[in-house]
Amino acid sequence: MAPRTTTIQNSIEIDRPAEVVFDYCVEPANEPEWNPRTRWIRRLGQGPLDVGSRFEGEWIKGSPMTVEFERFDRPTAWATFGRSTRLDATSEGTITELPPGTVRLEVRTTLLPHGAMQRLTPVLGPVMHHREQRNLRSIKSALEGTSRVHTKPNAVPTGAAVPSGATVGDRADTSPNV
């Protein structure tokens, strides 16, 4: 039986220069601002972000993922590969310049669930497409200053294990762990 994957693609136009959009999107510490499912995230290692830079985070309760940059072409493209016990994820971001000061941000993500998560493959595409479009709208809002980003504190319950140095998500998402 062949592995079952699902691929989603989302895009949005943002009224900011390519460098600003790229830098915001690739910085792991920014993710809790635009992804309400980020429980915590931290960089592994020092120095500037580039190919080989790694970070670790938790988006599905109890299943931390290690993510590594496989491509880093500022300010036009990046790619990451992440692995957890529940799924592997490949993500590619591209930024295309439009009229001066405006870009199109496109993100393509391929998910390969493991074990029991494989049963969810048929619903992962539609669910994740919706979530990723919400995330892109949040990135646009944060960069254009058109609305406030997530502000509720304590996305991770008091007493939950969070690695030292991790940036903690600022809003709990109570939807199912998909």
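Look a little higher up for the structure.
The model shown is predicted, which means the values in this text are computed figures rather than measured ones.

Enquirer: How should I be thinking about the overall build of the chain in this particular structure?
Expert: Secondary structure summary: the chain contains three helices and eight strands in total. Going from N to C terminus, the chain has its helices and strands arranged as β-α-α-β-β-β-β-β-β-α-β. Out of the 178 residues belonging to the chain, those deemed buried represent 44%. Taking the contacts inside the chain whose residues are at least 6 apart along the sequence as the reference set, 53% of them involve residues at least 24 apart. Element-wise, carbon and sulfur atoms account for 50% of the exposed surface of the chain, whose accessible area totals about 9300 Å².

Enquirer: In this structure, what is going on with the packing of aromatic side chains? I would like to understand it.
Expert: Remark: the centre distance and the inter-plane angle together describe each pair of aromatic rings, the angle taken between the planes. Across all of its chains, the model carries four aromatic pairs by this definition. A centroid spacing of 5.1 Å and a plane angle of 80° characterise the contact between Phe22 and Phe72, whose relative ring orientation is edge-to-face. Of the two residues, Phe22 is situated in helix H1 (residues 18-26) and Phe72 in strand S4 (residues 65-73); the sequence distance between them amounts to 50 residues. For Phe72, a relative accessible area of 15% corresponds to the buried category. A centroid spacing of 6.0 Å and a plane angle of 50° characterise the contact between Phe55 and Phe69, whose relative ring orientation is tilted. A residue pair is termed long-range when its members are at least 10 positions apart, and Phe55 in strand S3 (residues 54-58) and Phe69 in strand S4 qualify at 14 residues.

Enquirer: Mind showing me how you'd approach the packing of H1 against helix H3 (residues 121-144) here?
Expert: For any two helices packed against each other, the geometry is given by the interaxial angle and the distance between the axes. Contact geometry for H1 and H3: axes closest at 11 Å, N-to-C directions at 125°. By the angle between their axes, H1 is oblique relative to H3. Crossing of H1 over H3 shows right-handed handedness. Here H1 contributes Val20, Val21, Tyr24 and Cys25 to the contact with H3, which in turn contributes Ile139, Ala142 and Leu143.

Enquirer: When you look at the pattern of salt bridges in this model, what are you seeing that I'm missing?
Expert: Summed over the entire model, instances satisfying the criterion amount to seven salt bridges. The salt bridge involving Glu13 is made with Arg104; its shortest N-O contact spans 3.2 Å. Linking Glu13 in strand S1 (residues 6-14) with Arg104 in strand S7 (residues 103-113), this pair joins segments that are 91 residues apart in sequence. The class for Glu13 is partly exposed, based on a relative accessible area of 40%.

What counts and how
- Residues numbered from 1 in each chain as written.
- Predicted model: local features only at pLDDT ≥ 70, side-chain atom pairs only at ≥ 80, totals over all residues.
- Heavy atoms only, no water.
- Helix = DSSP H or I, 4+ residues; strand = E, 2+ residues; numbered from the N terminus.
- Buried < 20%, exposed > 50% of the residue type's maximum accessible area, 1.4 Å probe, protein only.
- Contact = heavy atoms within 4.5 Å.
- Areas by Shrake-Rupley, 256 points an atom, 1.4 Å probe, with all protein chains shown as cover.
- Phe/Tyr/Trp six-rings, centres within 6.5 Å; stacked < 30°, edge-to-face > 60°.
- Axes fitted to C-alpha atoms, helices over the stretch in contact; angles between N-to-C directions.
- Parallel < 35°, antiparallel > 145°, perpendicular 65-115°, else oblique.
- Left-handed = near helix turned anticlockwise from the far one by under 90°.
- Salt bridge = Lys/Arg side-chain N within 4 Å of Asp/Glu carboxyl O.

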